[in-house]
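Summary of the model geometry
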Amino acid sequence: VMKRSKSAILKHACLAVLSLVTLSGTSCPIPSIGLTCSNSLDGTAFGFLLTVPADFVCTTVVPNDQLLVSARYRQNVTGYIASITVSPTTDQGTASGDGVTVTDLGAYTNANNITFTRTKIEIPAISAYSYIATVTLPSGNTLGITIAGFTDDPALLTILTAILDTVQFP
């Protein structure tokens, strides 16, 4: 299991917070990479397959030069956001932030023998909570899966685990 730096974890947390704040528009497929945003996300071209729970819907996709894949989903009942990203693996050193709490949740290995690093990020100043799992793909890129909400609900970790259980490396 590769340890993620605090700044890499905070980068994923910031993406999740932006997802919570910016919930407008629908755009499928992802224009720059041709990846169709669906609950059964076929990222074979990037080295993964996964499934987002059926009660989440694609809300927006944000391709940019920093991420190879960026797909976001919203659970309408709770407003929770699921974010799936693939980014180049880089060590960005350590980082700190006022009022940000980073908690290591330990590793999690799914039935496909894929081990994820899990972290909880709390930003009480804006009532934002994120549960993040990352794994290095066979290509060397990083798959990040984030579940975020405005309450610290144990269901966030349950939803994250449900997604992790579906991840496969084709």
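Calculation rules
- Once a new chain begins, its residue numbering starts again from 1 and follows that chain's sequence as written.
- Local features in a predicted model are, by the rule used here, given only for residues with pLDDT of at least 70; side-chain atom pairs are given and counted only at 80 or more, and totals for whole chains, interfaces and linings are based on all residues.
- Heavy atoms throughout the structure, all of them, feed into the side-chain values; hydrogens and water do not.
- Just to be clear on terms, a salt bridge is a Lys or Arg side-chain nitrogen sitting within 4 Å of an Asp or Glu carboxyl oxygen.
- Exposure is judged per residue with a 1.4 Å probe applied to protein chains only, and the accessible area is read against the type maximum: over 50% gives exposed, under 20% gives buried, and values in between give partly exposed.
- The numbering of helices and of strands both runs from the N terminus, where a helix is a DSSP run of H or I of at least 4 residues and a strand a run of E of at least 2.
- For two strands to pair, DSSP has to find at least two bridges joining them.
- Each residue carries a pLDDT score, the predictor's own confidence in it, on a scale running from 0 to 100.
- Side-chain atoms within 4.5 Å link the members of a nonpolar core, which is a set of buried Ala, Val, Leu, Ile, Met, Phe, Trp, Tyr and Cys residues.
- Only heavy atoms matter for contacts: two residues are in contact if any of them lie within 4.5 Å across the pair.

1. Details of the pattern of salt bridges
Counting across every chain of the model gives two salt bridges. Of the charged contacts in the structure, one is a salt bridge between Glu122 and Lys120, with a shortest N-O distance of 3.7 Å. Summarising the burial analysis for this pair, Glu122 and Lys120 share the class buried. Between Asp152 and Lys120 there is a salt bridge, with the nearest N and O atoms lying 2.7 Å from each other. Here Lys120 lies in strand β7 (residues 115-123) and Asp152 lies in the loop between β9 (142-149) and α2 (155-164), a separation of 32 residues in the sequence. Taking relative accessible area as the criterion, Lys120 reaches 12% and is therefore assigned buried.

2. Focus on the pairing of strand β8 (residues 128-136)
Of all nine residues that make up β8, eight are buried, and the element is covered over most of its length. One ladder, built from seven bridges, connects β7 with β8; its direction is antiparallel. Considered in β8, the bridge of Ile121 is made with Ser130. Taken together, β7 and the strand that follows it, β8, pair antiparallel across an intervening segment of four residues, in which Ser127 is found at a positive phi of about 50°. Bridge analysis of β8 against β9 gives eight bridges, and the strand direction is antiparallel. Residue Tyr131 lies in a different strand from β9, and its bridge partner there is Ile147. The loop that links β8 with its antiparallel partner β9 comprises five residues; one of these, Gly140, has a positive phi angle of about 100°.

3. Quick notes on the confidence of the model for the protein chain
In this model, the protein chain carries a mean pLDDT of 80, and residues with pLDDT of at least 70 account for 72%. In the model of the protein chain, helix α1 (residues 6-21) stands out as the element of lowest mean pLDDT, 47, in contrast to α2, which has the highest, 97.

4. Here we look at the nonpolar core
The biggest cluster of nonpolar side chains holds 31 residues, and the ones touching the most others in it are Phe48, Leu50, Tyr73, Ile84, Leu143 and Ile145. Setting aside residues no more than four positions away along its own chain, Leu50 makes contact with Asn39, Ser40, Leu41, Ile84, Ile145, Ile163, Thr166 and Val167.

5. Structural notes on the side chain of Gln75
Position of Gln75 relative to the elements: it lies in strand β4 (residues 69-75). Once residues within four sequence positions are removed from consideration, Gln75 is found in contact with Asp55, Phe56, Tyr80 and Ile159.

6. Considering the pairing of strand β6 (residues 101-109)
Pairing of β6 with β7 involves eight bridges; the strand directions are antiparallel. Looking at the pairing, Thr103 lines up with Lys120 of β7. Turn length for the β6-β7 hairpin, with the two strands adjacent in sequence and antiparallel, is five residues, and the turn residue Asn113 shows positive phi of about 60°.

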